[in-house]
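Descriptive structure summary
Next come the chains, spelled out residue by residue.
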Amino acid sequence: MKLDLNVDVHHLTRVEGHGSIRIRVQNGDIKEAAWEVIETPRYFEVMLKGKKWDAAAVLTARICGICSIGHTLASLRATENAFGITIPEAAKKLRILAKHGETLQSHYLHLFFLAAPDFLGLPSALPLIESNPEVVAIAARLKGLANNMCDLIAGRTTHPVSIQVGGMSHKPSRRELLALRDELLRSVEDVAATIALFKTLTIPDFTRETEFVALKGVKEYPFIGGDLVSTDGIVKKENEYRAMTNEFCVEHSTSKWCKLSRNSFAVGALARVNNNYKLLHKEAQKLAEELGLKPVNHNPFMNNIAQLVECVHCTYDSVKLIDELVKMPQDEPIRVKVEPKAGIGVGAVEVPRGILYHEYEYDNNGRVVKANCIIPTTQNHANIWDDMHELVKVNLVKGMTDAKMELLCSMLVRAYDPCISCSVH
Amino acid sequence: MKYLSIEPARPKVAVFDFTDCEGCELQLINKEETLVDFLKAIEVVNFREAISNPSEDYDIAFVEGSISRADEIDRLLTIRKKAKVLVAFGTCACFGGVHKLKNVHTTYEANKEVYGDMPKDTMPVRSVGEIVQVDFSIPGCPVSKAEIERIVQHLIWDVTYQYPVYPVCFECRQRFTICRFDLGELCLGPVSAAGCNAPCPAGGMGCWGCRGVAEAPNFVEYFELCKRHGYSKEEVLERMNFFGGFAEVTGVK
């Protein structure tokens with residue numbers, strides 16, 4: 001057995017934002033197995049104070065460059081709930097379609113560009129341009145389709161413009177929607193090739209039992225609003241989110257931390273699949289079964305597989321949404337009039353990395369008095385920390401070298417697809 | 001990849017991020033139809049979000065984000081020393097971006113509101129150009145990938161890049177987008193710098209001026225136009241202050 005380990009990863013690569021790994025083992029004792037968040041804080045809750053209702057989503061989209069559509073949707077839902085606004089059916093469908101576009105682009109970005117190089121023993125996806133151009137072409141096509149989908153529905157992939165308080169400000173034409181439908185169906189072939197590729201990769205064999213939190217789907221796999229649920233059996237209303245997150249400050253991190261029934265819990269694709277497995281599209285369920293993903297799965301590395309399963313779900317669900325949208329009358333309203341009033345509203349949305357909450361208190365003039373945002377990665381930090389400790393413990397017995405341990409721990413953090421800038425907003 | 005029998009330079013490019021959302025970096029790996037050619041035209045040697053084997057030997061540094069911590073200043077000074085060309089990449093780097101909205105509060109107030117009794121290290125937000133000399137600025141929140149491609153082509157062939165001198169309105173007309181003012185909305189399009197292809201008005205939102213001021217804007221006429229449509233000067237200034245690109249007009253630094 002190897003008795004000493006020293007791992008220092010300053011600014012972990014292929015993740016969004018700045019985090020570091022530090023591991024010290026002396027004489028077989030784990031002195032430290034730390035996941036440190038050193039991202040610069042931006043104080044978005046402070047920036048929001050005094051802002052008018054129509055600026056809140058434009059501002060909070062800037063919390064994140066990857067999941068800005070998710071932030072926009074959570075922000076709008078908080079504002080709409082505060083004002084007591086119900087948006088039209090067509091807008092609801094368009095919003096979920098935009099959400100699917102974002103989930104697809106984010107998951108494909110993570111699977112191909114951030115996670116896959118680890119499994120292939122590469123420092124980045126760039127060498128694949130020469131060695132495996134067909135894989136790069138598939139990745140580019142899939143991510144490109146997802147981005148085009150965001151552009152079409154949300155007006156832009158990063159920092160959307162067409163999703164606004166009261167509904168949507170732009171509706172794609174029937175022809176554009178049907179063209180997107182064709183593209184989605186055509187992409188199934190590329191998705192199949194991606195699945196074949198991921199089937200050849202070896203997912204590290206590691207489990208640590210933990211609690212998984214997600215939105216609670218009723219009839220459909222959940223993305224926007226509804227009750228909150230955990231695999232330990234806790235159920236809360238959307239506006240009771242603070243009791244679900246119990247956010248607190250820690251000395252060693254510029255992101256806050258969260259806890260629920262145990263020392264830590266996890267959110268994200270795996271948490272969604274674990275809590276809502278039966279609501280996945282049947283094709284996605286079939287894939288999950290083929291890849292050995294059954295609820296409740298406690299291997300954090302399986303989050304990558306859960307992302308792939310969600311890509312299948314979102315692809316088929318998008319086709320279904322488009323079918324429903326084109327059946328609606330052309331003049332179906334997509335936005336209602338907004339009448340600001342004093343009140344408090346919460347918006348919970350499942351973004352690629354897990355459940356996201358925005359809460360705003362408005363005054364009579366529709367200006368923000370107080371704001372709170374709780375980000376998925378904030379909820380995952382403690383779980384990453386606990387996983388890393390356990391991962392070091394079990395692999396220490398196997399006599400793993402510093403270099404191998406460094407790679408494995410980096411892969412663990414990447415498996416969560418952390419959005420560190422988001423978590424330190 | 002020869003062009004007219006000339007082998008172009010393949011500049012070593014490094015990408016660095018500071019206080020920000022990393023959305024502009026993400027734009028670099030978007031626009032998939034030209035992504036492979038783009039990555040072949042340059043040599044990406046340092047890009048934490050995408051690659052794990054960084055090099056400290058680079059020609060062009062794309063610097064993203066605003067500056068709000070002492071360690072960021074040190075890191076930026078080092079990058080400035082090593083880079084032949086330093087590009088302020090995105091609205092945060094160019095003007096400080098939305099982060100400057102924090103500056104109306106003291107760092108004590110900001111910390112108290114967010115972290116309670118466990119304050120974190122922070123200082124008033126500054127743009128990259130307020131700390132080091134910037135050779136080139138690419139504004140936008142996020143930056144436009146099409147524009148980056150044009151600019152990188154110019155850098156590779158060592159040809160001076162000329163930004164569009166016209167305002168966003170011009171690009172709206174080119175796209176046949178209905179004027180947001182005519183639809184009853186405030187828009188900074190008449191006085192904001194173009195080059196983004198005006199995606200916001202086309203998507204149903206008036207311009208918020210993320211690329212800063214257009215060349216030679218007529219502010220007197222613009223404020224009159226806003227007034228005619230029922231917007232007060234305060235309201236317009238509030239929007240101009242949002243991305244920090246209108247600091248000379250709003251007076252807010």
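Right, let's walk through the structure included here. (Residues numbered from 1 in each chain as written. Chains lettered and ligands numbered in written order. Predicted model: local features only at pLDDT ≥ 70, side-chain atom pairs only at ≥ 80, totals over all residues. Heavy atoms only, no water.)

**Digging into the overall build of chain B**
A tally of regular secondary structure across chain B gives 11 helices and 5 strands. Over its C-alpha trace chain B gives a radius of gyration of 19 Å, about what one expects of a compact globule, namely 18 Å for 253 residues. Principal axes of the C-alpha set define a box for chain B whose edges measure 55 × 55 × 30 Å. Within chain B, buried positions represent 56% of all 253 residues. Long-range contacts, defined here as pairs at least 24 residues apart, represent 72% of the contacts in chain B between residues at least 6 apart. Once the 28 positive and 36 negative side-chain charges of chain B are each reduced to a mean point, those two points are 2 Å apart. (Helix = DSSP H or I, 4+ residues; strand = E, 2+ residues; numbered from the N terminus. Rg over C-alpha atoms; globule rule 2.2 N^0.38 Å. Buried < 20%, exposed > 50% of the residue type's maximum accessible area, 1.4 Å probe, protein only. Contact = heavy atoms within 4.5 Å. Lys, Arg positive; Asp, Glu negative; His and termini not counted. Charge placed at Lys NZ, Arg CZ, Asp CG, Glu CD.)

**Quick look at the side chain of His110(A)**
All names here are of chain A. Residue placement: His 110 occurs in helix H4 (residues 89-119). What makes His 110 buried here is its relative accessible area of 1%. At 2.6 Å, the side chain of His 110 forms a polar contact with the backbone oxygen of Arg 414. The residues touching His 110, leaving out its near neighbours within four places in the chain, are Ala 115, Ala 116, Asn 304, Gln 307, Arg 414, Ala 415 and Asp 417. (Polar contact = N/O pair within 3.5 Å; in protein donor to acceptor, adjacent residues only side chain to side chain.)

**Quick word on the packing of helix H12 (residues 376-397) of chain A against helix H13 (residues 402-415) of chain A**
All names here are of chain A. Running from N to C, H12 and H13 point in directions that differ by 150 degrees, and their axes come no closer than 10 Å. Considering their axes alone, H12 and H13 lie roughly antiparallel with respect to each other. Of the two possible hands of crossing, H12 and H13 adopt the one that is right-handed. Mapping the contact onto sequence places Ile 384, Asp 387, Met 388, Leu 391, Val 392, Asn 395 and Leu 396 in H12 and Met 405, Leu 408, Cys 409, Leu 412 and Val 413 in H13. Split by residue class, the contact of H12 with H13 holds 10 nonpolar, 1 polar and 1 charged. (Axes fitted to C-alpha atoms, helices over the stretch in contact; angles between N-to-C directions. Parallel < 35°, antiparallel > 145°, perpendicular 65-115°, else oblique. Left-handed = near helix turned anticlockwise from the far one by under 90°. Nonpolar A, V, L, I, M, F, W, Y, C, P; charged D, E, K, R; others polar.)

**Here's the deal with the sheet that holds strand S10 (residues 343-351) of chain A**
Residues and elements named next belong to chain A. Taken in spatial order, the 3 strands make up an open sheet running S10-S11-S12, and their pairing is antiparallel. In this open sheet, the two strands that pair with only one neighbour each are S10 and strand S12 (368-374). Taken over all neighbouring pairs, the strand axes of this sheet differ in orientation by 10 degrees on average, direction set aside. Inspection of the sheet shows strand S11 (residues 354-362) paired to S12 by 6 bridges, in the antiparallel sense. Residue pairing for S12: Tyr 360 is matched across the bridge by Ala 371. (Pairing = 2+ DSSP bridges.)

**Observations concerning the pairing of strand S4 (residues 85-89) of chain B**
Residue and element names in this part refer to chain B. Of all 5 residues in S4, 4 are buried, a share of seventy percent or more. Chirality of the crossover, the property in question, places the unit of strand S3 (residues 60-64), helix H3 (residues 70-82) and S4 among those that are right-handed. Sheet analysis places S4 next to strand S5 (residues 136-138), joined by 3 bridges and oriented parallel. In the strand pairing of S5, Phe 89 is matched with Ile 138. (Right-handed = clockwise from strand over helix to strand, strands pointing away.)

**Focus: the sheet that holds strand S6 (residues 211-215) of chain A**
All names here are of chain A. Pairing is mixed across the open sheet formed by 4 strands, whose spatial order is S8-S7-S6-S9. With one partner strand each, in any of the chains shown, strand S8 (235-236) and strand S9 (265-266) form the two edges of the open sheet. In this structure, S6 lies alongside S9, joined through 2 bridges in parallel fashion. Bridge pairing links Glu 211 to Phe 265 in S9. Contacting S6, strand S7 (228-230) and S9, helix H9 (residues 269-276) runs over the sheet at an angle of about 80 degrees to S6.

**With respect to the environment of Ile129(A)**
Tracing the sequence through the fold places Ile129(A) in helix H5 (residues 128-131). Classification of Ile129(A) as buried rests on a relative accessible area of 13%.

**Remarks on the interface of chain B and chain A**
The partner chain A presents 63 residues to the 54 residues of chain B that form the contact. Here chain B and chain A share an interface that buries about 5100 Å² over both sides, 61% of which is from carbon and sulfur atoms. Applying the counting criterion to the chain B and chain A interface returns 4 salt bridges. Across the pair Lys370(A) and Glu113(B) runs a salt bridge whose closest N-O atoms are separated by 3.1 Å. Our count for the contact surface shared by chain B and chain A stands at 34 residue pairs in polar contact (both at pLDDT 80 or more). (Buried area = accessible area lost by both parts, 1.4 Å probe. Salt bridge = Lys/Arg side-chain N within 4 Å of Asp/Glu carboxyl O.)

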